[in-house]
Amino acid sequence: MGIFDKMREPVVLKEDSSAKEQIEQLNSFLQNAPSEMRSQIEQDIRLLQYGIYGEDALMFELKNSHLPMYIMHDLFFELNGLKAQIDYLIVTRKIVFIIECKNLYGNITIDNNGNFTREVMMGKYYKKEGIYSPITQNQRHLDMIREIRRSSKPALLRSFFDSGFNDNYKSIVVLANTKSILKMQYAPNEIKEKVVKVDGLISYIKKLNDLNDRIVNSDKEMKEIAEFFLEKSVPNNQDYTEKYKSHFALVNNDEEVNKEAPNSEETNTAEANREDTQAAPDSETVLPQTVNIEDTPVYQALKSYRYEKSREEGIKPYYIYNNAQLEDIIRVAPKSLEELKTISGFGDVKCQKYGNDIINILSENINK
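Here is what the cut-offs are and how they apply
- Residues numbered from 1 in each chain as written.
- Predicted model: local features only at pLDDT ≥ 70, side-chain atom pairs only at ≥ 80, totals over all residues.
- Heavy atoms only, no water.
- Helix = DSSP H or I, 4+ residues; strand = E, 2+ residues; numbered from the N terminus.
- Contact = heavy atoms within 4.5 Å.
- Pairing = 2+ DSSP bridges.
- Axes fitted to C-alpha atoms, helices over the stretch in contact; angles between N-to-C directions.
- Buried < 20%, exposed > 50% of the residue type's maximum accessible area, 1.4 Å probe, protein only.
- Patch = residues over 30% accessible without salt bridge, like charges linked within 9 Å, V, L, I, M, F, W, Y side chains within 5 Å.
- Areas by Shrake-Rupley, 256 points an atom, 1.4 Å probe, with all protein chains shown as cover.
- Salt bridge = Lys/Arg side-chain N within 4 Å of Asp/Glu carboxyl O.
- Lys, Arg positive; Asp, Glu negative; His and termini not counted.
- Charge placed at Lys NZ, Arg CZ, Asp CG, Glu CD.
- Parallel < 35°, antiparallel > 145°, perpendicular 65-115°, else oblique.
- Left-handed = near helix turned anticlockwise from the far one by under 90°.
- Nonpolar A, V, L, I, M, F, W, Y, C, P; charged D, E, K, R; others polar.

Novice: How do you make sense of the side chain of Q325 when you look at a structure like this?
Specialist: Relative to the helices and strands, Q325 resides in helix α12 (residues 323-332). Ignoring any residue separated from it by four or fewer positions in sequence, one finds Q325 in contact with S39, S344, G345 and F346.

Shown next, in the form of structure tokens:
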């Protein structure tokens, strides 16, 4: 660090996010959307809101780090037909950090192969499911950053840039949900080095900078790097209502649409950032034996009822309730129509048509 360098606190160069624009688009579409679409649109809005909450928590940590750094939030890049949305790009004295923020709900486990799974309480059951690795997702972002920066270098300096890239640019996945329990004692070291909870992020950034023996960036150099990437980012002009405009016209399967199936990287990001309002179990609590919720009698009974009613009415099963709503029914276990109405997508009409049947199914099967 030069003797004339005076930067001592973080500087935010870009704080806005396209997520709020996405919510505005979806809200405007929601007003005139067909009733069968509304629950899915409402869920997408909730997913985006959860993501915003996680990214705001991360921004709070960065702003209060008292570290000299440049902070850029929600950058969008395009290169050779590929696209990448980066949650945070942070330029510090020695290292540029590419950060993927995940506001994941449930308890997260990373096994010895680097696979991510999570457990979520659904009523009296625990649902265990695999999730797409955010490490893999952020590695693609890191690769794009590398190509963007490398292409700006003179040909004679590119090999020098390549040799130092892994030391100077780091990928970090930040888990923003402080209620989640992170279990990664068996994870490979190269995975452990890339995952941190939000309350440990600043100490982790300090540690990596301290361990790095390269020459520090001056105030001017830090700003030049940050402004380079800010200038290379482009507006994210995706229409987030487009999938709804043609969604039901394209569905020709008699079973429900799998809402977890990715339609785009942006859709993946929104769903992967989903948070749940329920608190994660305390780490010292003795958990019941994990049961796959899809194998429970109540799940099968509700799914069979949905299928039979859809055949009677000549509609798609997910018009009655989709998989996410089915799981919400089990989690809430409503005992009255008023309680059923607290579940997204269940208004007066749907409760009047199906409500008593659903409550009876729960009563007969929930404790089996």
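Novice: Which parts of the structure should I look at to understand the sheet that holds strand β3 (residues 82-91)?
Specialist: Remark on secondary structure: sheet strands pair via backbone hydrogen bonds, oriented parallel or antiparallel. Pairing in this open sheet of 6 strands is mixed, and the strands run β1-β2-β3-β4-β8-β10 from one edge to the other. Looking at the sheet topology across the chains shown, the edges are occupied by β1 (11-14) and β10 (195-197). Going from strand to strand, the sheet's axes swing by 35° on average, the running direction of each strand aside. Direction of pairing for strand β2 (residues 70-79) relative to β3: antiparallel, over a ladder of 9 bridges. Paired with L75 across the two strands is I86, which belongs to β3. Sheet strands in contact with helix α2 (residues 35-63) are β1, β2, β3, β4 (96-102) and β8 (169-175), and its direction is about 35° off that of β3.

Novice: So what exactly am I meant to see when it comes to the pairing of strand β7 (residues 125-131) here?
Specialist: Residues in a regular strand project their side chains so that they alternate between the two faces of the sheet. Of all the 7 residues making up β7, 5 are buried; the element is thus mostly covered by neighbouring parts of the structure. Taken together, the 7 bridges between strand β6 (residues 116-122) and β7 define a ladder with antiparallel strand orientation. Bridging from a neighbouring strand, R118 pairs with E129 of β7.

Novice: Explain a negative patch on the surface here, please?
Specialist: A surface patch of negative charge is lined by E221, E224, E227 and E231. Looking at where E224 falls in the secondary structure, it is placed in helix α7 (residues 219-232).

Novice: Can you walk me through the sheet that holds β6 in this structure?
Specialist: Pairing in this open sheet of 4 strands is mixed, and the strands run β7-β6-β5-β9 from one edge to the other. The open sheet terminates on both sides in strands that have one partner only, identified here as β7 and β9 (182-183). Across 2 bridges, the pairing between strand β5 (residues 107-110) and β9 is parallel. Directly across from T109, in β9, lies its bridge partner K183.

Novice: Which parts of the structure should I look at to understand the environment of L47?
Specialist: Relative to the helices and strands, L47 is located in helix α2. By relative accessible area, which is 3% here, L47 ends up buried. Sequence-wise, L47 and N103 are 56 residues apart; in three dimensions their C-alpha atoms are separated by 9.6 Å.

Novice: Any chance you could explain the packing of helix α10 (residues 297-313) against helix α14 (residues 348-365) here in plain terms?
Specialist: When two helices pack together, their arrangement is given by the angle between their axes and by how far apart the axes lie. Interaxial distance between α10 and α14 falls to 9 Å at its minimum, and their mutual angle equals 155°. If you check the angle between α10 and α14, you find them roughly antiparallel. Seen along the crossing, α10 lies across α14 with a hand that is right-handed. From α10, P297, V298, A301, L302, Y305, K309 and E313 reach across to α14, where they touch K353, Y354, D357, I358, I361, L362 and N365. Taken together, the residues of the contact of α10 with α14 sort by class into 9 nonpolar, 1 polar and 4 charged.

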